[in-house]
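So you can see what is in the structure, the chains are spelled out below.
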Amino acid sequence: DAKTTQPTSMDCAEGRAANLPCNHSTISGNEYVYWYRQIHSQGPQYIIHGLKNNETNEMASLIITEDRKSSTLILPHATLRDTAVYYCIVRGKNTGTASKLTFGTGTRLQVTL
Amino acid sequence: DVKVTQSSRYLVKRTGEKVFLECVQDMDHENMFWYRQDPGLGLRLIYFSYDVKMKEKGDIPEGYSVSREKKERFSLILESASTNQTSMYLCASTPWGRASNEQFFGPGTRLTVL
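Here goes a summary of the coordinates provided.

Conventions we followed
Residues numbered from 1 in each chain as written. Chains lettered and ligands numbered in written order. Predicted model: local features only at pLDDT ≥ 70, side-chain atom pairs only at ≥ 80, totals over all residues. Heavy atoms only, no water. Disulfide = S-S within 2.5 Å. Helix = DSSP H or I, 4+ residues; strand = E, 2+ residues; numbered from the N terminus. Buried < 20%, exposed > 50% of the residue type's maximum accessible area, 1.4 Å probe, protein only. Pairing = 2+ DSSP bridges. Axes fitted to C-alpha atoms, helices over the stretch in contact; angles between N-to-C directions. Polar contact = N/O pair within 3.5 Å; in protein donor to acceptor, adjacent residues only side chain to side chain. Lys, Arg positive; Asp, Glu negative; His and termini not counted. Salt bridge = Lys/Arg side-chain N within 4 Å of Asp/Glu carboxyl O.

Okay, the state of the cysteines next. All names here are of chain B. Here the structure, examined in full by the defined rule, presents two disulfides over all chains. Bridging cysteine 23 to cysteine 91, the disulfide has an S-S length of 1.8 Å. Sign of the S-S torsion, about -75 degrees for the bond between cysteine 23 and cysteine 91, identifies this disulfide as left-handed. One end of the pair, cysteine 23, is in strand 3 (residues 19–25); the other, cysteine 91, is in strand 9 (residues 87–94), and 68 residues separate them in sequence. One exposure class covers both cysteine 23 and cysteine 91, and it is buried.

Residue and element names in this part refer to chain A. Ordered in space as 1-9-8-3-4, the five strands form an open sheet in which the pairing is mixed. Each of the sheet's edge strands pairs with one partner strand only, and the pair in question is strand 1 (9–13) and strand 4 (45–50). In this sheet, neighbouring strand axes are inclined to one another by 25 degrees on average, regardless of whether the strands run parallel or antiparallel. Relative to strand 4, strand 3 (residues 31–38) is paired through five bridges, and the arrangement is antiparallel. Looking at strand 4, one finds that tyrosine 36 is bridged to tyrosine 46.

To continue, consider the side chain of serine 93 of chain B. Within the secondary structure, serine 93 of chain B is located in strand 9. Within the structure, the side chain of serine 93 of chain B is placed 2.7 Å from the side chain of histidine 29 of chain B, a separation counted as a polar contact.

So, about the environment of threonine 65 of chain A. Residue and element names in this part refer to chain A. Structurally, threonine 65 can be placed in the loop between strand 6 (61–64) and strand 7 (70–75). Threonine 65 sits in the partly exposed class, given a relative accessible area of 31%. A distance of 2.8 Å separates polar atoms of two side chains, one belonging to threonine 65 and the other to aspartate 67.

Here the focus is the side chain of arginine 68 of chain A. Note on placement: arginine 68 of chain A falls in the loop between strand 6 and strand 7. Nearest to the buried, unbridged arginine 68 of chain A among oppositely charged side chains is glutamate 31 of chain A, at 6.1 Å.

In structure tokens form, the structure reads like this:
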């Protein structure tokens, strides 16, 4: 799996967009970018994933650069409940056998009033 | 919505005790996982199972065993708990035949071994 690099922590004012970057310069052609988050004292929660096109769902948007070496997760209107650790993971899309997820240390996003 | 439940949120046990952590999912998922999470180390896979009665070792299986007698239930067993097994334990599940990287996690069990 390609290695990812994320900032250790970020702050964001409530109501503003939170832009969380991730570098994955060794990503290969068949690997997807996945984002999870973990709110304090809860299990991780899947947010979104993408291959090369930008993706949007009810939680967030994912912007992947054209060379696919980096991506940005965007929370368009951050709320206090978005305070969490955000993990960027790069994996091949596995449609069969079980596969473990490797979470690094992620980015701790603090949303403030 | 997929629901993954774990038997306890908090558990305190003594060194040497046998400990059972239970995980149940209600979406008929084939794959189930047990991870532990420790500060600075991220999530580490202990065991996973891709079918009833099937199990595979993860990265750190030592001191643990698992049981999958029914599809919806995956148990983690600490045969003789030790203080270095104090951790947050997370169970996850995912279906077979689709993007199995979209794992659904339970709320976690914070285990303290005294």
